[in-house]
Amino acid sequence: MKMNKKYLITTWGCQMNEHDSEKIEGILNSLGYIATSDKEKADLIIYNTCLVRENAELKVYGNLGELKRLKRENPNLIIAICGCMMQKEEVRLVIKEKYSHVDLIFGTHNIHKLPELLEDHDQKKNMLVDVWEDNEEIVEGVPTKRKYDFKAFINIMYGCNNFCTYCIVPYTRGREKSREPEDILEEALKLSKEGYKEITLLGQNVNSYGKTLDSKLTFAQLLHMLNEIDDLERIRFMTSHPKDLSDDLINAIKTCEKVSNHLHLPFQSGSNRILKKMNRRYTKEQYLSLVEKIRKEIPDISLTTDIIVGFPEETEADFEDTLEVVRKARFDSAFTFLYSIREGTPAADMENQVPDEIKHQRFQKLLDTLHPISFERNKELIGKTVKVLAEDFSKNDSTKLSGRTDTNRLVHFKGGDDLIGKIVNVKILKAKTWTLEGEIDV
Ligand code: 5AD
Ligand code: SF4
């Protein structure tokens with residue numbers, strides 16, 4: 001037992017990675033480690049890395065370089081790197097060659113092996129690399145130290161089979177695998193008994209949940225099941241793929257009172273030519289009619305999306321199609337990305353890559369189109385009372401709390417710490433592009 005050793009973990013990337021880090025922390029706590037935010041005091045530094053875009057990758061290398069000094073000053077410091085970057089052999093070779101101060105490398109599929117890896121490294125004292133290509137079995141029962149005690153992530157599936165041509169995730173996270181519904185239910189029940197109010201179900205493509213299960217339970221059925229948990233107040237989920245979004249799911253969102261009226265539905269590009277090259281398997285028209293159907297069924301739904309600008313061969317006309325979807329779908333908000341070449345994906349080898357300058361111009365135009373719509377949609381809430389999960393004190397004003405609506409909008413309102421972790425009624429008084437302001441409405 002390593003008593004009183006301190007660890008510091010830094011996480012890049014998506015919610016999947018954030019949740020993996022919660023598991024790593026849970027394992028370390030069970031080994032007797034305690035968290036520190038001071039890297040000078042840490043005995044173990046772990047970087048949980050992301051490979052989805054080049055920026056994320058470069059940040060990891062920059063940070064690793066800085067750790068050389070710390071390792072020189074404290075040779076007992078253990079430096080470990082894990083996460084999506086480590087699934088790529090080329091990256092591992094770079095680390096071995098240029099960052100020999102790293103002690104331990106593991107991947108996305110063998111987090112549960114961390115206790116053994118730390119032990120083995122202790123005995124060998126040289127760089128230990130253990131990365132699994134994939135993991136056939138889902139490992140249950142990994143201890144988890146959750147960041148909050150009122151909202152929690154729950155994995156419902158791992159991996160992705162979609163192979164969008166720009167995306168590295170199917171190569172780093174492996175083949176799609178769904179967790180057994182009993183295991184998900186057990187985790188959700190336990191959380192609700194511990195006082196958690198909100199769960200977020202995580203998967204790269206939650207709409208294909210169940211396909212690998214013998215029972216073939218669907219995602220819509222899973223939502224109905226979880227909606228029955230008494231003490232739970234809110235169920236969120238992401239991400240949905242437009243090609244798989246069923247009427248049953250729309251109906252589940254509509255009828256399950258605990259399921260948030262929110263859909264994160266990435267469309268990536270509005271051009272049919274580009275969508276085809278991306279292997280997205282829907283057209284602009286299909287996406288827009290899906291949006292129309294969802295809005296008709298659930299008028300107050302909040303729609304958010306992901307958009308990529310500058311995919312290979314994207315012309316001005318293709319980009320105009322993207323803007324058209326933005327204007328017609330009227331997203332509440334969007335994550336916007338400059339296309340980033342990911343070696344090993346089909347799009348990396350496509351000809352006619354779009355020059356950076358043009359990508360940036362289009363990116364700005366996209367933001368100029370998205371932002372006024374977000375502002376308009378937020379203004380539609382003025383005068384309405386919404387349920388907000390109070391999360392923390394507001395960063396800019398300590399007399400105020402900040403919290404999130406069930407559609408994930410950030411709301412600031414006056415209140416004390418007795419409300420943190422509770423769902424309260426807030427009347428919206430003012431809207432900005434990114435945030436809302438309101439007051440408690442009793
Ligand atoms: N370049 C830019 N954006 C990307 N995404 C995934 N791969 C890339 C890439 N190579 C974006 C997609 C996806 C989100 C999580 O990241 O929009 O939905
Ligand atoms: Fe990547 Fe496409 Fe899978 Fe999402 S659905 S993780 S974008 S391959």
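Residues numbered from 1 in each chain as written. Chains lettered and ligands numbered in written order. Predicted model: local features only at pLDDT ≥ 70, side-chain atom pairs only at ≥ 80, totals over all residues. Heavy atoms only, no water.

## Looking at the overall build of the protein chain
Right, on to step 1. From N to C terminus, the protein chain includes 12 helices and 19 strands.
Right, on to step 2. Relative to its length of 442 residues, the protein chain is compact, with a C-alpha radius of gyration of 22 Å against a globular reference of 22 Å.
Right, on to step 3. On the principal axes, the C-alpha backbone points of the protein chain span a range of 60 × 55 × 50 Å.
Right, on to step 4. The burial tally for the protein chain puts 54% of its 442 residues in the buried class.
Right, on to step 5. A separation threshold of at least 6 residues defines the contact pool for the protein chain, and within that pool the share at least 24 residues apart is 74%.
Right, on to step 6. Accessible area for the protein chain stands at about 20400 Å²; split by element, carbon and sulfur atoms hold 49% of it.
Right, on to step 7. Averaging the positions of the 66 positive and the 73 negative side-chain charges in the protein chain gives two centres separated by 3 Å. (Helix = DSSP H or I, 4+ residues; strand = E, 2+ residues; numbered from the N terminus. Rg over C-alpha atoms; globule rule 2.2 N^0.38 Å. Buried < 20%, exposed > 50% of the residue type's maximum accessible area, 1.4 Å probe, protein only. Contact = heavy atoms within 4.5 Å. Areas by Shrake-Rupley, 256 points an atom, 1.4 Å probe, with all protein chains shown as cover. Lys, Arg positive; Asp, Glu negative; His and termini not counted. Charge placed at Lys NZ, Arg CZ, Asp CG, Glu CD.)

## Some details on the sheet that holds strand 11 (residues 234-238)
Right, on to step 1. Pairing is parallel across the open sheet formed by three strands, whose spatial order is 7-10-11. On the outer flanks of this sheet lie strand 7 (151-155) and strand 11, each paired with one strand and no other. Geometrically, the sheet is characterised by an average inter-axis angle of 25° between neighbouring strands, direction not taken into account.
Right, on to step 2. Bridge count for strand 7 against strand 10 (residues 198-202) is five bridges, and the pairing is parallel. Looking at the pairing, N155 lines up with L202 of strand 10.
Right, on to step 3. In this fold helix 6 (residues 181-193) packs onto strand 7 and strand 10, with an angle of close to 170° to the strand it touches most, strand 7. (Pairing = 2+ DSSP bridges. Axes fitted to C-alpha atoms, helices over the stretch in contact; angles between N-to-C directions.)

## A word on empty space enclosed by the protein
Right, on to step 1. Following the criterion strictly, the structure yields one cavity of 30 Å³ or more and no others.
Right, on to step 2. If you go around the largest cavity, you meet 19 residues; those closest to its centre are K23, T108, H109, N135 and Y158.
Right, on to step 3. Top contributing element to the lining of the largest cavity by residue count: helix 1 (residues 15-30), with three residues.
Right, on to step 4. Across the lining of the largest cavity, the residue classes break down as six nonpolar, seven polar and six charged.
Right, on to step 5. Structurally, the lining of the largest cavity is a two-domain feature, drawing no fewer than three residues from each of domain 1 (6-130) and domain 2 (146-260). (1 Å grid on protein atoms, 1.4 Å probe; cavity = no way out; pocket = protein on both sides within 12 Å on 5 of 7 lines; lining within 4 Å. Points joined across faces, edges and corners; volume = space filled by probe spheres on them. Nonpolar A, V, L, I, M, F, W, Y, C, P; charged D, E, K, R; others polar. Domains from an automatic or database assignment.)

## Some words on the environment of V325
Right, on to step 1. With respect to the helices and strands, V325 occurs in helix 11 (residues 316-329).
Right, on to step 2. For V325, a relative accessible area of 1% gives the class buried.
Right, on to step 3. Considering only alpha carbons, one finds V325 and K190, 135 residues apart in sequence, at a separation of 41 Å.
Right, on to step 4. For V325, the contacting residues outside a window of four places in its chain are F267, G270, K284, Y287, L288, R330 and F331.

## Things to note about a negative patch on the surface
Right, on to step 1. A surface patch of like charges, here negative, comprises E89, E90, E133, E343 and D349.
Right, on to step 2. As for its position among the elements, E90 is in helix 3 (residues 89-98). (Patch = residues over 30% accessible without salt bridge, like charges linked within 9 Å, V, L, I, M, F, W, Y side chains within 5 Å. Salt bridge = Lys/Arg side-chain N within 4 Å of Asp/Glu carboxyl O.)

## Details of the nonpolar core
Right, on to step 1. The biggest cluster of nonpolar side chains holds 56 residues, and the ones touching the most others in it are L201 and F219.
Right, on to step 2. The contact partners of F219, leaving out residues within four places of it in the chain, are I156, L201, V206, N207, Y209, F237 and L249.
Right, on to step 3. Membership of the second largest hydrophobic core comes to 26 residues, among which are A42, Y47, Y61 and C84. (Core = buried A, V, L, I, M, F, W, Y, C linked by side-chain atoms within 4.5 Å.)

## What to know about the site of ligand 2
Right, on to step 1. Surveying the vicinity of ligand 2 reveals the residues C160, N162, F163, C164, Y166, C167, V169, P170, Q204, H241 and R280.
Right, on to step 2. Its residues placed into classes, the shell around ligand 2 shows seven nonpolar, three polar and one charged. (Near = heavy atom within 4 Å.)

## Considerations on the pattern of salt bridges
Right, on to step 1. Evaluation of the coordinates by the stated rule reveals 36 salt bridges.
Right, on to step 2. Among the ionic pairs, E40 bridges to R69, the shortest N-O distance being 3.1 Å. Placement of the pair is E40 in the loop between strand 2 (34-35) and strand 3 (44-49) and R69 in helix 2 (residues 54-73), with a sequence separation of 29 residues.
Right, on to step 3. For R69, a relative accessible area of 34% puts it in the partly exposed group.
Right, on to step 4. Its salt-bridge partner being K113, residue E116 comes within 3.5 Å of it at the nearest N-O pair.
Right, on to step 5. Relative accessible area serves as the criterion here: at 24%, K113 is assigned to the partly exposed category.
Right, on to step 6. Each member of the salt-bridge network shares a partner with another, and the members are R330, D332, R377, E380 and R409.

## Details of the site of ligand 1
Right, on to step 1. V52, R53, Y166, Q268, D306, I308, F337, L338, Y339, S340 and R342 make up every residue found near ligand 1.
Right, on to step 2. Within the side chain of Q268, one N or O atom sits 2.6 Å away from an oxygen atom of ligand 1.
Right, on to step 3. D306 places a polar side-chain atom, nitrogen or oxygen, 2.6 Å from an oxygen atom of ligand 1.
Right, on to step 4. Here ligand 1 has 400 Å² of accessible area as a free molecule, and 85% of this is covered by the chains.
Right, on to step 5. When the residues that make up the shell around ligand 1 are grouped by side-chain class, the tally is six nonpolar, two polar and three charged. (Polar contact = N/O pair within 3.5 Å; in protein donor to acceptor, adjacent residues only side chain to side chain.)

Fair warning: the whole summary comes from geometry, so function is off the table for now.
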